[in-house]
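Tertiary structure, described
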Amino acid sequence: MSLWEYANPTRFMALSGKVLPWLIAGTVAALAIGLIWGFFFTPEDFRQGATVKIIYLHVPSAMLAINAWGMMLVASLIWLVRRHHVSALAARAAAPVGLVMTAVALATGAIWGQPMWGTWWVWDPRLTSFLILCLFYLGYIALWNAIEDADTAADLTAFLCLVGSVFAVLSRYAVNFWNQGLHQGASLSMDAKENVSNVFYIPLLFAIAGFILLFITLVLIRTRTEIMERRVKALKLRERMANA
Amino acid sequence: MPELGKYSVEVLSAYGVSIVLLAGIVLLSWVQARRARAELAKLEGNKNG
């Protein structure tokens, strides 16, 4: 069986309906373990004090903010190349979730930055590219809502997604590209010396898993809603034509 | 409640803001899904009925 068969809305609804309860259970479990462990049962950092507990929100949300755009890019490319409606709807469904992740990353970053850097905000390369990514999310959602014809909206938003991908990549690698600004490098690294200590690392992994599962769950729910709303529109149109 | 020392306002506000934002998108998604399902069921009922 080909993966493309799930681009059929009926098959997609059937499969997503089966996996959603498991995804919801996994999301609740991973988030509860990661956040409760991180908030209640981890020590203070010797330099950052209790503010280190913000890491369990800031790092996963920032990762998801960037990767949500990556998922939208893949879905948009599938739409542009293969014209599968479900992929265009999945990209549309992911945007508000990505926007919320970006907002969480920006808000927690500002709250964390104030006591550590002495400022809520600075025009640092990573922070600035993240803010631009946030504006791209808003523009993407606005463009979808502004165009009545669904296929035209999917085409134009797919191109906007391609352009915005530059800022999604920049927000991830800005620290490495410019090597300046206040923001530190990656908290998670393959290099044991650069990686955060194990006492913070393991609950952080659970929090990241929870955020990933939350993102997948919400995108599936929202894609199903988009499919149902499209069906509602089609049925209403059919009713109007039958009555005319 | 863990001892948050002089950073209690920062840590609690970070968790508060995040929970509000995440709960907001969860609630919005759930309400929209419920509304769409109900409307579709009604229309499909009309079609079959």
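So, a few notes on the structure that sits alongside this text.

A few words on the overall build of chain A. A count of helical and extended segments in chain A gives six helices and zero strands. Reading chain A from its N terminus to its C terminus gives the helix and strand order α-α-α-α-α-α. With the principal axes as the frame, chain A shows a C-alpha extent of 75 × 35 × 30 Å.

Our next topic: the overall build of chain B. Within chain B, the regular secondary structure consists of one helix and zero strands. Dimensions of chain B, computed from C-alpha atoms along their principal axes, come out at roughly 65 × 15 × 5 Å. Here chain B holds 49 residues, and the buried ones make up 14% of them.

Attention now moves to the environment of S16 of chain A. All names here are of chain A. Here S16 lies in helix α1 (residues 9-40). Sequence spacing of S16 and L220 is 204 residues, and the spatial spacing of their C-alpha atoms is 6.7 Å. Residues in contact with S16, not counting those within four places in the same chain, are L220 and R224.

A word on helix α2 (residues 55-82) of chain A. Taking 1.5 Å of rise per residue, 28 residues should cover 40 Å, and α2 of chain A covers 40 Å from first to last C-alpha, within 8% of that figure. At the C-terminal side of α2 of chain A, R83 of chain A shows a positive phi close to 60°.

This part is about the nonpolar core. General note: in soluble globular proteins, nonpolar side chains tend to be found buried as a group. Grouped together as the largest cluster of nonpolar side chains are 71 residues, with contacts concentrated most on A68, A94 and L133 of chain A. Elements supplying a minimum of two residues to this core: α1, α2, α3 (85-117), α4 (125-146), α5 (150-178) and α6 (198-243) of chain A together with α1 (8-48) of chain B. Of all the elements, α3 of chain A adds the most residues to this core, at 19 residues. Each residue touching A68 of chain A, except ones within four places of it in the same chain, is listed here: A94, V97, G98, M101 and F215 of chain A.

This paragraph deals with unusual backbone geometry. All names here are of chain A. Here the phi dihedral of R83 falls at roughly 60°; this positive angle occurs in a residue that is not glycine. Inspection of the secondary structure puts R83 in the loop between α2 and α3. Among the residues examined, R83 registers 13 C-beta atoms within 10 Å and is labelled partly exposed.

Inspection of the secondary structure puts Y7 of chain B in the segment before α1. Setting aside anything within four residues of it in sequence, one finds Y7 of chain B in contact with G49, A50, T51 and P115 of chain A.

Residues and elements named next belong to chain A. Interhelical geometry of α2 versus α6 gives an angle of 40° and a closest axis separation of 9 Å. With respect to each other, α2 and α6 are oriented oblique. The two elements α2 and α6 cross, and the hand of that crossing is right-handed. The residues of α6 that touch α2, namely those facing I55, Y56, V59, P60, S61, M63, L64 and A68, are F200, P203, L204, A207, I208, F211, I212 and F215.

What follows deals with the packing of α3 of chain A against α4 of chain A. Residue and element names in this part refer to chain A. Two elements in contact, α3 and α4, have axes whose closest approach is 9 Å; the angle formed by their N-to-C orientations is 150°. Between α3 and α4, the angle falls in the class roughly antiparallel. Helix-helix and strand crossings are classified by hand; for α3 and α4 the assignment is left-handed. Contacts between α3 and α4 pair R92, A95, P96, G98, L99, T102, A103, A105 and L106 from the former with F130, L131, L133, C134, Y137, L138, Y140, I141 and W144 from the latter. Among the residues making up the contact of α3 with α4, the classes are represented as 15 nonpolar, two polar and one charged.

Reading the values: rules and limits
Residues numbered from 1 in each chain as written. Chains lettered and ligands numbered in written order. Predicted model: local features only at pLDDT ≥ 70, side-chain atom pairs only at ≥ 80, totals over all residues. Helix = DSSP H or I, 4+ residues; strand = E, 2+ residues; numbered from the N terminus. Buried ≥ 20, exposed ≤ 12 C-beta atoms within 10 Å, placed from the backbone. Contact = placed C-beta atoms within 7 Å. Expected span 1.5 Å × (residues − 1). Core = buried A, V, L, I, M, F, W, Y, C linked by C-beta atoms within 7 Å. Axes fitted to C-alpha atoms, helices over the stretch in contact; angles between N-to-C directions. Parallel < 35°, antiparallel > 145°, perpendicular 65-115°, else oblique. Left-handed = near helix turned anticlockwise from the far one by under 90°. Nonpolar A, V, L, I, M, F, W, Y, C, P; charged D, E, K, R; others polar.

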